[in-house]
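Descriptive analysis of the structure
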Amino acid sequence: MPRHQRLSIAVGRIVLVGAAAILAGAPFFLGAGDLTVLTEFLCLLVLAWMWNLLAGYADIVTVGQHAFVGVGAYTFYGTVVLLGVDPYLAFAAAALMALVIALPAMMIVFRLRAAYLAVGTWVVAEVLMLIAGKLPNFGFGSGVSLPVRVAREFGARPDERFATIYWLAFALAAATFASTYFLLRSRIGLGLTAMRDNEEAAGAMGINLVRARVICFLWTAPFLGLAGAIITLQKLRISPPASFSIIDWTVFVIFNVVIGGIGSLEGPILGTALFFILREYLAQLGTWHLIILGTLSIVIILIEPRGLWGLLRRVLGGDLIPVSHGARPGFGITRKS
Amino acid sequence: MIERSTILEITGLTKRFGGLSVINGLDITVGRQEILGIIGPNGAGKTTLFNLVAGVLQPTAGTIRYEGREIGGLRAWDRCRLGIGRTYQIPKPFSHMSVFENVLTAAVHGAGKSIRAAREQAETMLELTGLAADHAQPAGQLTLLDLKRLELCRALAVEPRLLLLDEIAGGLTDAEVDTLLGIIQRVHEKGTAIVWIEHVIRALRRLCHRIAVLHEGAFVTIGEPETVLADAHVKTIYLGE
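An account of the accompanying structure is given in this report. (Residues numbered from 1 in each chain as written. Chains lettered and ligands numbered in written order. Predicted model: local features only at pLDDT ≥ 70, side-chain atom pairs only at ≥ 80, totals over all residues.)

Quick look at the overall build of chain B now. Each helix and strand counted, chain B has 10 helices and 10 strands in total. Its C-alpha radius of gyration of 17 Å places chain B within 12% of the 18 Å reference for a compact globule of 241 residues. Counting only C-alpha atoms and orienting by the principal axes, one finds that chain B spans roughly 50 × 40 × 35 Å. Looking at the 241 residues of chain B, the share that counts as buried comes to 49%. Contacts in chain B between residues far apart in sequence, at least 24 positions, make up 66% of those at least 6 positions apart. (Helix = DSSP H or I, 4+ residues; strand = E, 2+ residues; numbered from the N terminus. Rg over C-alpha atoms; globule rule 2.2 N^0.38 Å. Buried ≥ 20, exposed ≤ 12 C-beta atoms within 10 Å, placed from the backbone. Contact = placed C-beta atoms within 7 Å.)

The next thing to look at is the overall build of chain A. For chain A, the helix and strand inventory stands at 15 helices and 2 strands. If you line up chain A on its principal axes, its C-alpha atoms span 70 × 50 × 40 Å. Considering only contacts within chain A whose residues lie at least 6 apart along the sequence, 76% involve residues at least 24 apart.

Glancing now at the pairing of strand 3 (residues 35-39) of chain B. All names here are of chain B. Burial of strand 3 is extensive: 5 of the 5 residues sit out of reach of the surface. A two-sided burial pattern is seen for strand 3, the buried positions comprising Ile 35, Gly 37 and Ile 39 on one face and Leu 36 and Ile 38 on the other. Direction of pairing for strand 3 relative to strand 8 (residues 193-197): parallel, over a ladder of 4 bridges. Within strand 8, the position partnered with Ile 38 by the bridge is Ile 197. Looking at chain direction, strand 3 and strand 9 (residues 210-215) are connected through 4 bridges and run parallel. Directly across from Leu 36, in strand 9, lies its bridge partner Arg 210. (Pairing = 2+ DSSP bridges.)

All names here are of chain B. Although it is not a glycine, Glu 159 sits at a positive phi angle of roughly 55°. Topologically, Glu 159 is positioned in the loop between helix 6 (144-157) and strand 7 (162-166). Not every positive phi belongs to a glycine, and Glu 216 is a case in point at roughly 50°. Within the element layout of this structure, Glu 216 appears in the loop between strand 9 and strand 10 (218-223).

All names here are of chain B. An order of 6-7-8-3-9-10 is seen for the 6 strands of this open sheet, with the pairing classed as mixed. The open sheet has two free edges, formed respectively by strand 6 (84-86) and strand 10, since each of these has just one partner strand. Each strand axis lies, on average, 20° off the axis of its neighbour in the sheet, ignoring direction. Where strand 6 meets strand 7, 3 bridges bridge the pair, whose relative direction is parallel. (Axes fitted to C-alpha atoms, helices over the stretch in contact; angles between N-to-C directions.)

Residue and element names in this part refer to chain B. With antiparallel pairing, the 4 strands of this open sheet are ordered in space as 2-1-4-5. Pairing within the sheet leaves two strands with one partner each, and these edge strands are strand 2 (20-31) and strand 5 (69-70). The sheet strands contacting helix 2 (residues 46-54) are strand 1 (6-17), strand 2 and strand 4 (61-66), and the helix crosses strand 2 at an angle near 65°.

Take it as geometry only, folks, not as evidence of what the structure does.
Set out below in structure tokens:
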């Protein structure tokens, strides 16, 4: 690798680590307003990584990801408010319930392929939302707010509360990143990456495509459920249209991954960050903000199917987050055939 | 005899796509120590036959027995794990992975090795197929010759007992074909049975024990290379003479 590329990759990594360090310490120097935005950013980043794992690697193009966010939100509310369980245990319940719901959802969805699968995931999500609207203790179709006593468990004053919720979101994002990184580095990840590039050849090389898809689908569910719980805690309210919002938890996420770069760990970071920057600056434009976002994603896809990260990676000449495997140092250098 | 020395036994194999019959009641047995060449005009069903044996396609009728076991209902990855390796006529690399990772993946999933053990296997295979110097390149950037090498390298990394080669020598120069023949010879000597679809007759003549001629979805002639290639009927079918 040429020297300037090694240098630019090093710079890129420093930027990435620096950004992570700033995020880790954000509550020490940012106010409640900024923390709220960053909490949302981290939750959306988690959703983006998970959608990317499914659509970018396992070829499960889901448009029903919001189902598990909603399930997480409702489970969190149910366990903490209705059952009176410790809020931190309620997070575990949200993750577990998302996983439990993912099992039957998978049985339905995996009978379908490609576009049919996408529609199938959507239908499953809509059905779950409609069921949520029929639940008597959850405020039916209009939803219900979290009691103040629950919010107080995360900090007596609002400032403390925002900081705690932010750190929860940060912990979730860090855990999502670390575990997905190790998944991609494992033998399963090797198979997933091969599937991403050529499914038929991956099957012929011994990769069990069905098992890989099942692992991915079940892998994402608990993380989505946890994100749903944290979002609920931040918004202090559950309701079918908001907790199961296809626009917020699926459509924007798809935009972000596609713009940032599908099939990589860096792409979702880039895309989600860009989404928030655009939102901050373009929000006053109203609907135009979304039109610009949509146009941008189409333009980027036409130029580079692997998004902004695909473009940037060509300039840098390598990954910032290396999930790839190399031969032993010096291999192949002496023997040029 | 069939129990011990046969690796592949196909009987009455038929594949129809709608009304079009591509493979028509095909029979063949391949020995454990054998290199079987398959020739035939375009559209004879050669690649379809490989897809049926490798598990990409399910047969309409007939049986495929591999090492005495019916494999017609198994998925492609299970057949690979049982020791059936294949190359593609039109290379299907994992384009965004490095050459090394392409081979590593095959060694991990096809041969069922740990990543650590597969590393060594991958390096050995890269050296055998002459790709060692290109190991760090993205596979999508390889030349056609190197893509063909990678096809072979990946198929070998799954440690096949039956290797299906689909026009691996097509488009290579004479010198490159000679190198390839050397590699295939070495693979065969390690105890791998090979079924080889090829248009480069010179290559088949050098290594194959038998050559089978596929025509309209069935074998019309099977025999020793010289006999088959001298056959007037074969010349009519294959060369249109």
